[in-house]
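Summary of structural features
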Amino acid sequence: MKSYAYGFPRLGKGREYKNSIEGFWNGSLSEQDLNARLSENQNTLYSTYSQYVDAFPSGEMTRYDHMLDTAVMVGAYRPVTLEEYYNYCRGSGALEMTKWFNTNYHYLIPDLTGISPGDLSLHWNRTLEASAVSGKSFPYLLGPYTFLKLSRGVGRARMPEFMEALGAIYAEAVSAAPDVHIDEPAFAMDVNSDEIALIRKTYEVIGSAGARIHLFTYYESVDFLKVLFDLPLASLGLDFVHGEGNINALSELSFPGDMRLIAGLVDGRNVWKNDIARSIEMLRRLSRSAGSISVSNAAPLYHVPVTIEGEPLEPGLLSRLSFALEKLQEIKLIAEGHEKGIVPTMAPSAPVLSDQKVAARIAGLGEQDFTRSSPYEKRTELQRSALNLPPFPTTTIGSFPQTAEVRKKRLDMKKGRISSEEYNAFIDEKIADLVSLQEELDIDVLVHGEFERSDMVEFFAEKLEGIATTDHGWVLSYGTRVYRPPIVHGDVSRPSPMTLREIAKAKSLTKKPVKGMLTGPVTILAWSYVREDVPVEVAANQIALCLRDEIADYEKNGIGIVQVDEPAFREKAPLKKRDWDAYFKWAVRAFRLATGSAADRTQVHTHMCYSRFGEIMDRIMELDFDVISIEASRSRGDIVESFEEAGFDRQIGLGCWDVHSPEVPTREGMREVAERALRVIPGKNFWINPDCGLKTRGWKESVPSLRAMVEFARELRKEKTI
Ligand code: GLN
Ligand code: ZN
């Protein structure tokens, strides 16, 4: 039995990838040094793969992102120098970013709006560059359909001409190698019949160029497998972990005799150990319909950290985990086990942390727990008189610049160099400074600044029972940005208040309202690895109950505004629309469980950003919040229209300052966002705020930007009667 693996984390065990590229950016590494480091990383990937599997892709390394690289490959962008390449990634000329499928990796969105298919040509032959490794490796390419589907400015009308152009370009590219690996995860989306016809045509062209094509689909099942079976492919990779449809299809269809099935049996998106016996059993079933099979991972491995080695987790939990390196070992074990007809004996798995109290509370939930006591119209009146805010109230999304000083103190505390009292005193000082600054700027609803939080999910994971955090479990979020997803491994409970100390501190320093800040249940789950021994809604509701208790604590302490952030609400949705109802049902309920017991006069905010919200407006409305702040400075037209269509009747802060740009927002820019929105949204419902947290901004631009924002709100108040 052969084996194959792909997508091993390019980050490297010591985050070498990040350090090298950032080293180049800050001038400590030359371009030559950077190239040398990256090819060293690449070689480490090759030798890692070689130890465990028979074949793997070459050229998976990128200087930043594969969508951008593909845009350069086909000549949509033609940077000459490395600086020009990085201009597309960061700084003022940066491309917009969005989530890659329903993962937490963000890619750069190529914009083909002003480009015609005739302008494209093979500008950079990645295949040639990657082909020199070994006979076991196939140059890596991101497929034309996925590239176009995820780019901007293609659309239904232009898809045929673009697919035709790319067919020719890819045919030229692949002819440089005997074998190529092509990723087409977008095949797992809803693909219509016109697109299927285009895919067929394009791959017939690419397949006729002479190279053997090894095509990979993943994340979910593919609805048009029969069409793929007719294509000139040497292998086809399918996801059998998150692709139930693939399993069903293969029990009915017979796999083409001249094609190799690359069976994705090891989960690339979660961290639990593979059930080797079950995988071998699955292989047995698959070999009834496919002649030649390779065992593989079911999705790229870069969604999990490099290795569990050296991770100081509780041994019971550790024994249940498998990161990328361990997954390669599993692929090998499955292939060998099947070959030799021996099922390796596995150590019995450690018990999952269970909590009777939590289980009883979940079992006792009734419909009333998911509903606020009064409808929005009544709540909003009570809130207006309790809060007494001016028209066009100003606020921020929560975090303020996290300077090196703040990060150092946190590290000092973790390492035991300072006591937690000292750390808290430091945080309190930051809070006090920020409260005075906000008062001086005359912001209406204040925040405490989130200085105590390393990351909006990890922070809560550290406070909650049943969720573990890692020391070295880094995963790329975008570019060189990394985060450590926590692991939801058992029943979740809240031993004590998580955020109350800091919010209450801020509240004690001002007469203005202070907003308590929480990360919502869907986002905590979306950015964590989640246990699979219970349905996901159970874990979601357990987390929701912890947040609900936190809100009750806010209320007891006189904190009358709470913001429950759900930036991952859209991204976590399954790829195919037919699965949306099931997902949104539990996602909406979890949010409502978290906020449902808030008193009528408590104003519940939520915040979302960097996703396409148009198509989910009605689901967003079901959350039953009082105020939403939403990112709009990049996709303003689209979103305002959707609010109109949805008959939006709540309060909204349409982010009028793009915090991902270092520029101070201009009055014209803010006005453009506001005027457009005010055509659809009544002035009395309109808030003025940035479009996301200021964590990654510097103070230098944040203060003048906030000043400009407050000034703009004052102008609106003078001009508009509401
Ligand atoms: N309250 C969070 C912050 O300001 C929200 C972050 C987010 O939307 N990703 O940082
Ligand atoms: Zn945000």
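The following paragraphs examine the structure supplied in this document. Predicted, not measured: the structure shown is a model, and the values here were computed from it.

Okay, the coordination of the zinc ion (ligand 2) next. For the zinc ion (ligand 2), every protein donor is listed as His-607 (NE2), Cys-609 (SG) and Cys-692 (SG), and the spread of their distances is 2.1 to 2.3 Å. For the zinc ion (ligand 2), the 4 donor atoms in the first shell make angles of 90 to 127° at the metal, a pattern classed as tetrahedral. Along the chain, the residues that donate to the zinc ion (ligand 2) are spaced as H-x1-C-x82-C. Each member of the pair His-607 and Cys-609 is classed as buried.

Take the packing of aromatic side chains next. Under the counting rule described, the total for this entry stands at 30 aromatic pairs. Measuring from centroid to centroid gives 4.7 Å for Tyr-218 and Tyr-219, while their planes differ by 85°, and the two rings are edge-to-face. A residue is classified by how much of its surface remains accessible, and Tyr-219, at 2% relative accessible area, is buried. Plain terms: the ring middles of Trp-580 and Phe-584 are 5.5 Å apart, the flat faces sit at 75° to each other, and that makes the pair edge-to-face. With Trp-580 and Phe-584 both in helix H22 (residues 580-595), this residue pair falls 4 residues apart, about one helical turn. With a relative accessible area of 5%, Trp-580 lands in the buried category. Ring pairing ties together the aromatic residues Tyr-4, Tyr-6, Trp-100, Phe-101, Tyr-107, Phe-138, Phe-216, Tyr-218 and Tyr-219, which thus form one cluster.

So, about the sheet that holds strand S14 (residues 487-493). Here 3 strands make up an open sheet; going across it, the order is S11-S14-S16 and the pairing mixed. Edge strands, defined here as strands with exactly one partner in the open sheet, are strand S11 (465-468) and strand S16 (529-530). By the bridge criterion, 2 bridges tie S14 to S16 in an arrangement that is parallel. Directly across from Ile-487, in S16, lies its bridge partner Tyr-529. Sheet contacts for helix H21 (residues 536-556): S11, S14 and S16; angle to S14, the most-contacted strand, approximately 55°.

The next point concerns the side chain of Arg-410. Note on placement: Arg-410 falls in helix H16 (residues 404-414). This buried residue, Arg-410, is left without a salt bridge; Glu-452 holds the nearest opposite charge, at 7.1 Å.

Before going further, it helps to examine the sheet that holds strand S19 (residues 627-630). Spatially, the 6 strands line up as an open sheet ordered S15-S17-S18-S19-S20-S21, and their pairing is parallel. Across the chains shown, the open sheet's two edge strands, defined by having one partner strand only, are strand S15 (515-519) and strand S21 (686-687). Of the pairings in the sheet, the one linking strand S17 (residues 561-565) to strand S18 (residues 603-608) comprises 5 bridges and is parallel in character. Considered in S18, the bridge of Gln-563 is made with His-605.

Scanning the model with the defined rule gives 46 salt bridges in all. In this structure, Arg-284 engages Glu-281 in a salt bridge whose closest nitrogen and oxygen atoms are separated by 3.2 Å. Of this pair, Arg-284 and Glu-281 both sit in helix H11 (residues 276-286), separated by 3 residues, roughly a single helical turn. Judged by its relative accessible area of 37%, Glu-281 falls in the partly exposed class. For the salt bridge of Arg-589 with Glu-367, the shortest nitrogen-to-oxygen distance reads 3.2 Å. On the criterion of sequence distance, the pair formed by Arg-589 in helix H22 and Glu-367 in the loop between helix H14 (356-363) and helix H15 (376-387) is long-range, its members being 222 residues apart. Residue Arg-589 is classed as partly exposed on the basis of its relative accessible area of 27%. Through salt bridges with shared partners, one network takes in Arg-372, Arg-379, Asp-624, Asp-626, Asp-649 and Arg-650.

Looking now at helix H8 (residues 193-207). Taking 1.5 Å as the rise per residue, H8 with 15 residues should run 21 Å; its terminal C-alpha atoms sit 21 Å apart, in good agreement. Every buried residue belonging to H8 is among Glu-195, Ile-196, Leu-198, Ile-199, Thr-202, Tyr-203, Ile-206 and Gly-207, and all of these are buried. Down the axis of H8, the smallest arc covering the buried residues is 160°, so these residues share one side. In H8, the exposed positions angled more than 90 degrees off the buried face are occupied by Ser-193, Asp-194 and Lys-201. Of the surrounding elements, those touching the buried residues of H8 are helix H6 (144-150), helix H7 (155-174), strand S6 (179-183), strand S7 (212-216) and helix H9 (225-229). The N-capping residue of H8, defined by a side-chain oxygen 3.1 Å from the backbone nitrogen of Asp-194, is Asn-192.

Moving on, we get to the nonpolar core. Judged by nonpolar contacts, the single largest core of 245 residues is most densely connected at Trp-100, Leu-236, Phe-240, Leu-261, Phe-569, Leu-654 and Phe-686. Per-element accounting of this core gives the leading share, 10 residues, to H22. Filtering out sequence-adjacent residues up to four positions away, Trp-100 remains in contact with Met-67, Tyr-105, His-106, Tyr-107, Leu-142, Thr-146, Leu-150, Pro-185, Tyr-218, Tyr-219, Tyr-302 and His-303. The next biggest cluster of nonpolar side chains, apart from the first, holds 5 residues, and it includes Leu-387, Val-445, Val-627 and Trp-687.

Turning our eyes to something else, we now look at the pairing of strand S8 (residues 235-239). Moving residue by residue along a regular strand, the side chains alternate between the two faces of the sheet. Counted residue by residue, S8 has 5 buried out of 5 residues, so it is predominantly covered. Residues Ser-235, Gly-237 and Asp-239 line one face of S8 and the alternating positions Leu-236 and Leu-238 line the opposite face, and both faces are buried. Two elements, S7 and S8, share 3 bridges in a ladder whose sense is parallel. The partner of Leu-215 across the bridge, within S8, is Leu-236. Pairing of S8 with strand S9 (residues 260-266) involves 5 bridges; the strand directions are parallel. Bridged to Asp-239 within S9 is Gly-264. In this fold, S8 hands off to helix H10 (residues 244-252), which returns the chain to S9; that crossover is right-handed.

Every residue close to ligand 1 is listed here: Ile-397, Gly-398, Ser-399, Glu-450, Met-456, Met-517, Asp-565, Pro-567, His-607, Cys-609, Cys-692 and Gly-693. Between ligand 1 and the protein, one listed contact pairs a nitrogen atom with a backbone N or O atom of Ile-397 at 3.0 Å. Protein contact buries 90% of the 300 Å² of open area that ligand 1 shows by itself. Here the shell around ligand 1 is composed, by residue class, of 6 nonpolar, 4 polar and 2 charged.

Another point: H11. Every buried residue of H11 is accounted for by Ile-276, Ser-279, Ile-280, Met-282, Leu-283 and Leu-286. Here the buried residues of H11 occupy an arc of 155° about the axis, which is enough to place them on one side. Buried residues belonging to H11 abut H10, S9, strand S10 (292-297) and helix H13 (324-340).

Turning our eyes to something else, we now look at the packing of H11 against H13. Here H11 crosses H13 at 55°, and the two axes come no closer than 9 Å. It follows that H11 is oblique to H13 by the angle criterion. Of the two elements, H11 crosses H13, and the hand of that crossing is right-handed. Across the interface between the two elements, Ile-276, Ser-279, Ile-280, Leu-283 and Arg-284 of H11 pack against Glu-330, Leu-333, Ile-334, Gly-337 and His-338 of H13. For the contact of H11 with H13, a count of residues per class yields 5 nonpolar, 3 polar and 2 charged.

Here we come to the environment of Asp-442. With respect to the helices and strands, the residue Asp-442 is situated in the loop between helix H17 (420-441) and helix H18 (458-463). Classification of Asp-442 as partly exposed rests on a relative accessible area of 31%. Expressed as a C-alpha distance, the spacing of Asp-442 and Arg-707, which sit 265 residues apart in the sequence, is 8.6 Å. Setting aside residues no more than four positions away along its own chain, Asp-442 makes contact with Thr-394, Lys-512, Val-710 and Arg-714.

About the thresholds
- Residues numbered from 1 in each chain as written.
- Chains lettered and ligands numbered in written order.
- Predicted model: local features only at pLDDT ≥ 70, side-chain atom pairs only at ≥ 80, totals over all residues.
- Heavy atoms only, no water.
- Donors = N, O, S within 2.8 Å, 3.2 Å for Na, K, Ca; no water.
- Tetrahedral: all angles 85-135°; square planar, octahedral: opposite > 155°, others 65-115°.
- Buried < 20%, exposed > 50% of the residue type's maximum accessible area, 1.4 Å probe, protein only.
- Phe/Tyr/Trp six-rings, centres within 6.5 Å; stacked < 30°, edge-to-face > 60°.
- Helix = DSSP H or I, 4+ residues; strand = E, 2+ residues; numbered from the N terminus.
- Pairing = 2+ DSSP bridges.
- Contact = heavy atoms within 4.5 Å.
- Axes fitted to C-alpha atoms, helices over the stretch in contact; angles between N-to-C directions.
- Lys, Arg positive; Asp, Glu negative; His and termini not counted.
- Salt bridge = Lys/Arg side-chain N within 4 Å of Asp/Glu carboxyl O.
- Expected span 1.5 Å × (residues − 1).
- Arc of directions from axis to C-beta.
- Polar contact = N/O pair within 3.5 Å; in protein donor to acceptor, adjacent residues only side chain to side chain.
- Core = buried A, V, L, I, M, F, W, Y, C linked by side-chain atoms within 4.5 Å.
- Right-handed = clockwise from strand over helix to strand, strands pointing away.
- Near = heavy atom within 4 Å.
- Areas by Shrake-Rupley, 256 points an atom, 1.4 Å probe, with all protein chains shown as cover.
- Nonpolar A, V, L, I, M, F, W, Y, C, P; charged D, E, K, R; others polar.
- Parallel < 35°, antiparallel > 145°, perpendicular 65-115°, else oblique.
- Left-handed = near helix turned anticlockwise from the far one by under 90°.

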